[in-house]
Protein chains: 2
Amino acid sequence: MKPAAEHTQDSEQYKKKQRFFKSLLTIYGRKPVLEALQNPQLRFFKLHLADSNKPQGIIAEIIAIAEQRGIEIQYHDKKALSRISKNAKQDQGVAADIQLKQYISVEEFISNKPQGNCSLIALDRITNPQNLGMIIRSVCAGYIDGLILPQKGCAALSPLVIKASTGTVFKTPLIYSDSIEQALELLSNTGATICTLSSHASTSLFDYQAKGTTVYVLGNETEGVSPAVQALSQHQLCIPMNNEVESLNVAITAALIAFKH
Amino acid sequence: MKPAAEHTQDSEQYKKKQRFFKSLLTIYGRKPVLEALQNPQLRFFKLHLADSNKPQGIIAEIIAIAEQRGIEIQYHDKKALSRISKNAKQDQGVAADIQLKQYISVEEFISNKPQGNCSLIALDRITNPQNLGMIIRSVCAGYIDGLILPQKGCAALSPLVIKASTGTVFKTPLIYSDSIEQALELLSNTGATICTLSSHASTSLFDYQAKGTTVYVLGNETEGVSPAVQALSQHQLCIPMNNEVESLNVAITAALIAFKH
């Protein structure tokens, strides 16, 4: 049996390691990884390759750039690689861990929260990769201090998402959390105002005067926000619409928030 | 040889007929046509079926609703049907002509132009069906008096477009023209202001004070507006963006215009 102090140290180290791995953005797929490697502004932790890849064509290109940039290459069997990519169907035997300054945990965001007004968009089960990519692109271009991307429930940052984001995913302020509820509870405890978007609400997004930290939550494409998220929100906001249109595409809603004047 | 007066009458009748056919919105594909027939607010001119369709399943359903609603059914061989649908690959042997009050020519729009300020969005070679459907949905929901949809250069109102519009295509004020240039020239001659959206412009869309009839032209997804269209425009407007993002998705841009405050 180890003495108690050593145990604590071990667990501290384990937590630190875990935090580090969570802070890595892992992407996969041959083309997305190649394009990311070609971007000199991105810092890589590791390149992961399935040992079944033949070192020719795009794989040879990927290896050449990684070697030239001094990025560690780790080889895995196919199963181990798919545990890293978390997507055996789409990884094509290639994954890469990227270290991004603007990819932080909700706890880190809270401890460095900007002074004054601050707007966040949080996603509750956005499952369509096209929508997620478009949301990322609009948030990156618009006036939003962070996009909360829960690791449970939302589409993964797949090649399709990266493509739909037109590569902006690597420069968007992203805030990760385990679940949307966890992120909203932590933010709520520090005084943030949680707003959900709903076509049934009576207050218009455009009339709403945001103060302090405001989190706008966008819900699932067909179901909207979940009851649990609704219960955490202080305000329900709508976008007033003509011609009895019932709802807007979620990426459109995100853009209207991101460019709200 | 016919006397001159008769000639004129013939050609008048021909023109009238041509105008009538142009004013019909022709949709195709089994599911889109079935769903449109199920909408009691839509008025149909004719249902077109390929005589090779077996009258069972969804085709039987389509025929039953058309008969119940007293809609004329015309049978064609496959080639003739694809001349009507203009899309042999996707028509699935089914097309329908819809008579929509809010589907008008640019000439009709001009002769009934609303008094005061009026905003139009015009599309210059928007070829992605998903984008076109999303633009229609946002225009329908937003604060726009008409969407100019040239018959040359833009995506057709295919099943994909109708789906992405979530059915709003049938209640959106649509203005058809042969080409974008023709529409802009006619509108320009009646005093409308033509604005193109461009990431290189210095005036912000949000600062621009629109007066009278304003046409916002959105250009092709990769090439932007064409030089011919650029030459017809008085103002170039941009959407100011952060993080060195170069452009927004065209459907996002349309929504920011449609909900501009």
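Definitions and limits used
Residues numbered from 1 in each chain as written. Chains lettered and ligands numbered in written order. Predicted model: local features only at pLDDT ≥ 70, side-chain atom pairs only at ≥ 80, totals over all residues. Heavy atoms only, no water. Contact = heavy atoms within 4.5 Å. Buried area = accessible area lost by both parts, 1.4 Å probe. Salt bridge = Lys/Arg side-chain N within 4 Å of Asp/Glu carboxyl O. Polar contact = N/O pair within 3.5 Å; in protein donor to acceptor, adjacent residues only side chain to side chain. Helix = DSSP H or I, 4+ residues; strand = E, 2+ residues; numbered from the N terminus. Pairing = 2+ DSSP bridges. Axes fitted to C-alpha atoms, helices over the stretch in contact; angles between N-to-C directions. Domains from an automatic or database assignment. Buried < 20%, exposed > 50% of the residue type's maximum accessible area, 1.4 Å probe, protein only. Least-squares fit on C-alpha atoms with pLDDT ≥ 70 in both. UniProt positions renumbered as here; feature names shortened; annotations may be inferred.

Draft legend 1. Structural view of the interface of chain A and chain B. Counting residues at the interface gives 27 residues for chain A and 27 residues for chain B. Summed over both partners, the interface of chain A with chain B buries about 2400 Å², with 60% contributed by carbon and sulfur atoms. The largest contributions to the chain A side of the interface with chain B come from Arg137, Ile252 and Phe259 of chain A, which together make up 21% of the buried area. The interface formed by chain A and chain B contains 0 salt bridges. Our enumeration of links across chain A and chain B arrives at 16 residue pairs in polar contact (both at pLDDT 80 or more). Contributions of two or more residues to the side of chain A that touches chain B are made by helix 6 (129-141) and helix 10 (250-258) of chain A.

Draft legend 2. Looking closely at the sheet that holds strand 2 (residues 43-50) of chain A. Residue and element names in this part refer to chain A. In spatial order, the strands read 1-4-2-3; together these 4 strands make up an open sheet with mixed pairing. One side of each edge strand has no neighbouring strand; the edge strands of this open sheet are strand 1 (24-28) and strand 3 (73-76). Across this sheet, the average inter-strand angle for adjacent strands is 20°, counted without regard to direction. Across 5 bridges, the pairing between strand 1 and strand 4 (residues 94-99) is antiparallel.

Draft legend 3. Here's a closer look at the domain arrangement of chain A. All names here are of chain A. In terms of domains, chain A is made up of domain 1 (4-99) and domain 2 (103-258). Computed from C-alpha atoms alone, the centre-to-centre distance between domain 1 and domain 2 is 28 Å. Taken residue by residue, the interface counts 13 residues in domain 1 and 10 residues in domain 2. Carbon and sulfur atoms make up 70% of the area that domain 1 and domain 2 hide from each other, which totals about 1000 Å². Its largest share of buried area at the contact with domain 2, domain 1 owes to Lys22, Leu25 and Tyr28, together 50% of the area lost on that side. Applying the counting criterion to the domain 1 and domain 2 interface returns 1 salt bridge. The residue Asp178 makes a salt bridge to Lys22 at a minimum N-O spacing of 2.9 Å. Linking domain 1 to domain 2 there are 2 residue pairs in polar contact (both at pLDDT 80 or more). Within the residue set of the side of domain 1 that touches domain 2, elements represented by two or more residues are helix 1 (4-22), strand 1 and helix 2 (30-37).

Draft legend 4. Molecular detail of the pattern of salt bridges. All names here are of chain A. This structure, assessed with the given rule, holds 10 salt bridges over all chains. In this structure, Lys46 engages Glu72 in a salt bridge whose closest nitrogen and oxygen atoms are separated by 3.8 Å. Of this pair, Lys46 sits in strand 2 while Glu72 sits in the loop between helix 3 (57-69) and strand 3, and the two are 26 residues apart along the sequence. Relative accessible area serves as the criterion here: at 16%, Lys46 is assigned to the buried category. Overall, Glu72 belongs to the partly exposed group, its relative accessible area being 44%. A cluster of three or more residues bridged by salt bridges with shared partners is formed by Asp124, Arg125 and Glu223.

Draft legend 5. Spatial organisation of the pairing of strand 12 (residues 235-238) of chain A. All names here are of chain A. Bridging between strand 9 (residues 193-197) and strand 12 involves 3 bridges; their strand directions are parallel. Across the sheet, the residue bridging to Thr196 is Gln236, located in strand 12. Both strand 10 (residues 203-204) and strand 12 contribute to a ladder of 2 bridges, which runs parallel. Bridge pairing in strand 12 links Thr203 to Leu237.

Draft legend 6. The relation of the copies chain A and chain B, seen in detail. Overlaying chain A with chain B gives an RMSD of 0.0 Å, the required rotation being 180° about an axis along which the chain moves by 0.0 Å. Taken together, the rotation and translation describe the operation of a two-fold axis. Most of the interface of chain A is mirrored in chain B, where 100% of its interface residues again form contacts.

Draft legend 7. Region of the structure containing the UniProt feature "domain: RNA 2-O ribose methyltransferase substrate binding" (unreviewed entry) in chain A. The feature "domain: RNA 2-O ribose methyltransferase substrate binding" (unreviewed entry), as annotated in UniProt, sits at residues 26-104 of chain A in this numbering. Helix makes up 37% of residues 26-104 of chain A and strand 29%, and the two end C-alpha atoms of the span are 14 Å apart.

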